[in-house]
There are 2 protein chains.
Amino acid sequence: MGHDKNVRVLGIDPGSNVTGYGVIDAGRTFRPVDYGAIRLGGKQHGLAQRLSMLYQEVRRIAAGCGAQQAAVEGVFMSKNWRSALKLGEARGAVLAALADAGMEVFEYSPAVVKMSVTGYGRADKEQVREMVMMLLGVDKVMGLDTSDALAVALTHAMQGGLG
Amino acid sequence: MGHDKNVRVLGIDPGSNVTGYGVIDAGRTFRPVDYGAIRLGGKQHGLAQRLSMLYQEVRRIAAGCGAQQAAVEGVFMSKNWRSALKLGEARGAVLAALADAGMEVFEYSPAVVKMSVTGYGRADKEQVREMVMMLLGVDKVMGLDTSDALAVALTHAMQGGLG
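Novice: Hey, could you run me through the packing of aromatic side chains in this one?
Specialist: What describes a pair of aromatic rings is the distance from one ring centre to the other and the angle between the planes of the rings. For the coordinates displayed, the defined rule picks out one aromatic pair over all chains. Aromatic pair Tyr55(A) and Tyr55(B): ring centres 4.1 Å apart, planes at 10°, arrangement stacked. Of this pair, Tyr55(A) sits in helix α1 (residues 47-64) while Tyr55(B) sits in helix α1 (residues 47-64), placing the two residues on different chains. The same class applies to Tyr55(A) and to Tyr55(B), which are both buried.

What follows is the structure, given as structure tokens:
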């Protein structure tokens, strides 16, 4: 694949409360296309309703962003099984939505994402955000869920030799 | 709600490998309408693809079964966070599919299901199956994922005063 050709990647960082997303173009340089965060609805909605909203929103973003490949941040460990269950529920809705939108889905562990973006596998989220903003030429500070999503998109572009 | 009126309930027991489902009519008596198990595709498919297949299958069953209410077996505890994460992923796809099919979703803990169906909160799965088959007048032995799904449907019918 020539370096002149841009490849669009959707990055997703699923979370039980907030799911970050970020779309980038990777070619000679990296360019941000769209990014933001999806908040899981409040408790006035039942769990199934909230997961359905997450599914619909991710599917809408995936279908509309022009990318064929999605990079998702994987799970390295969890504090306890209850947190893991909740994170799993969000991941189930997100991953099904990506596949249903026809995307090819890749997973990268947090350590690989940190290493790819900052050169240091144990970087904290603020350091990841700083490098993401630098690599994408973004000045306005974004939320940490959003920068994590952009980081996994960048990781896929770099690891996949797309950049 | 009069006892002459039948109410149809879809029961679901989500699992990281097998998800049981069962549709019953509850009126003066309980009647099985349809039941079975959805196996998550093999490892030749990626995780997102397998969750998408689970989502599609549950949505198809929910939309076609004629029930407006779904009863889902909840999670009481988990061996470890990895099992909880995997179960969560299946639950995420299943719950989103139920809500997307327009169903109202209710959750019942395993202990409540066991108590409702067998009168004993610590009954084992075989005892639950035996009672489910008796209550529904089914002779042919079914898988334990399927009987668990029918059990949660029966629980909803009994707890909700539908029976």
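Read on for the rest.
Novice: What am I meant to see in the side chain of Asp25(B) here?
Specialist: With respect to the helices, strands and loops of the structure, Asp25(B) is situated in strand β2 (residues 18-26). Separated by 2.8 Å, the side chains of Asp25(B) and Arg8(B) make a polar contact.

Novice: Quick question: what am I supposed to make of the relation of the copies chain A and chain B here?
Specialist: What relates the pair of chain copies is a rotation about an axis plus a shift along that axis. You can overlay chain A on chain B at an RMSD of 0.0 Å; the transform is a turn of 180° with a shift of 0.0 Å along its axis. Taken together, the rotation and translation relating the two chain copies correspond to the operation of a two-fold axis. A share of 100% of interface residues in chain A that are also interface residues in chain B marks the association as one of identical surfaces.

Novice: Sorry if this is basic, but what is going on with the interface of chain A and chain B here?
Specialist: When the parts of a complex come together, some accessible area is lost, and that lost area is often used as the size of the interface. Counting from both sides, the interface comprises 29 residues of chain A and, opposite them, 29 residues of chain B. At the junction of chain A with chain B, the criterion picks out two salt bridges. Close ionic contact of Arg91(B) with Glu89(A) constitutes a salt bridge, the shortest N to O distance being 2.8 Å. Our enumeration of links across chain A and chain B arrives at eight residue pairs in polar contact (both at pLDDT 80 or more). For the side of chain A that touches chain B, the elements supplying multiple residues, two or more each, are α1, α2 (81-100) and β5 (104-108) of chain A.

Novice: What's the story with the sheet that holds β5(A) in this structure? I'm lost.
Specialist: The strands that make up a sheet are held in pairs by hydrogen bonds between backbone atoms, and each pair lies either parallel or antiparallel. All names here are of chain A. The strand order across the open sheet formed by five strands is β3-β2-β1-β4-β5, and the pairing between neighbours is mixed. Looking at strand neighbours, the two that pair on one side only are β3 (30-39) and β5, the edges of this open sheet. Recorded for the sheet is a direction-independent mean angle of 20° between the axes of neighbouring strands. The pairing of strand β1 (residues 7-13) with strand β2 (residues 18-26) spans seven bridges and is classified as antiparallel. The residue bridging Val7 from the neighbouring strand is Ala26, located in β2. The sheet strands contacting α1 are β1, β2 and β3, and the helix crosses β3 at an angle near 165°.

Novice: Which parts of the structure should I look at to understand the packing of α1(A) against α1(B)?
Specialist: In a pair of packed helices, the angle between the axes and the distance between the axes together describe the arrangement. The geometry of α1(A) relative to α1(B) is characterised by a closest axis approach of 14 Å and an angle of 120° between their N-to-C directions. Looking at the two axes, α1(A) sits oblique to α1(B). Considering how the two elements wind past one another, α1(A) and α1(B) form a crossing that is left-handed. Every residue of α1(B) that contacts α1(A) at Tyr55(A), Gln56(A) and Arg59(A) is listed here: Tyr55(B), Gln56(B) and Arg59(B). A breakdown of the residues in the contact of α1(A) with α1(B) according to their chemical character gives two nonpolar, two polar and two charged.

Thresholds, definitions, all that
- Each chain carries its own residue numbering, running from 1 in the direction its sequence is written.
- As a convention, the first chain written is A and the first ligand written is 1, with the rest following in written order.
- Reporting of local features is limited, given that this is a predicted model, to residues whose pLDDT is at least 70; pairs of side-chain atoms are given and counted only at 80 or more, and all residues count toward the totals for whole chains, interfaces and linings.
- Computation of side-chain values: all heavy atoms of the structure, hydrogens and water removed.
- Within 6.5 Å between ring centres, the rings of Phe, Tyr and Trp (the latter by its six-membered ring) count as paired, and their orientation is classed by plane angle as stacked under 30 degrees, edge-to-face over 60, tilted in between.
- Helix numbers and strand numbers start at the N terminus; a helix is a DSSP run of H or I with at least 4 residues, a strand a run of E with at least 2.
- Per-residue accessibility, obtained with a 1.4 Å probe over protein chains only, is compared with the maximum for each type, and a residue is labelled buried under 20%, exposed over 50%, and partly exposed between these values.
- Polar contact criterion, stated in full: a pair of N or O atoms within 3.5 Å, where within protein one must be able to donate a hydrogen and the other to accept it, and residues adjacent in sequence count only if both atoms are side-chain atoms.
- C-alpha atoms of residues with pLDDT of at least 70 in both copies form the basis for the least-squares superposition of the copies.
- Contacts are assigned to residue pairs with any non-hydrogen atoms lying within 4.5 Å of each other.
- The term salt bridge refers to a pairing of a side-chain nitrogen on Lys or Arg with a carboxyl oxygen on Asp or Glu at a separation within 4 Å.
- Strands were regarded as paired on the criterion that DSSP finds at least two bridges between them.
- A fitted line through C-alpha atoms serves as each axis, taken over the contacting stretch for helices, and the angle formed by two N-to-C directions is quoted from 0 to 180°.
- Angle categories: roughly parallel below 35 degrees, roughly antiparallel above 145, roughly perpendicular from 65 to 115, and oblique for all the rest.
- Take the far helix as your reference; a near helix turned counterclockwise from it by less than a right angle gives a left-handed crossing, and one turned clockwise gives a right-handed crossing.
- Charged means Asp, Glu, Lys or Arg here, nonpolar means Ala, Val, Leu, Ile, Met, Phe, Trp, Tyr, Cys or Pro, and polar covers whatever is left, Gly included.

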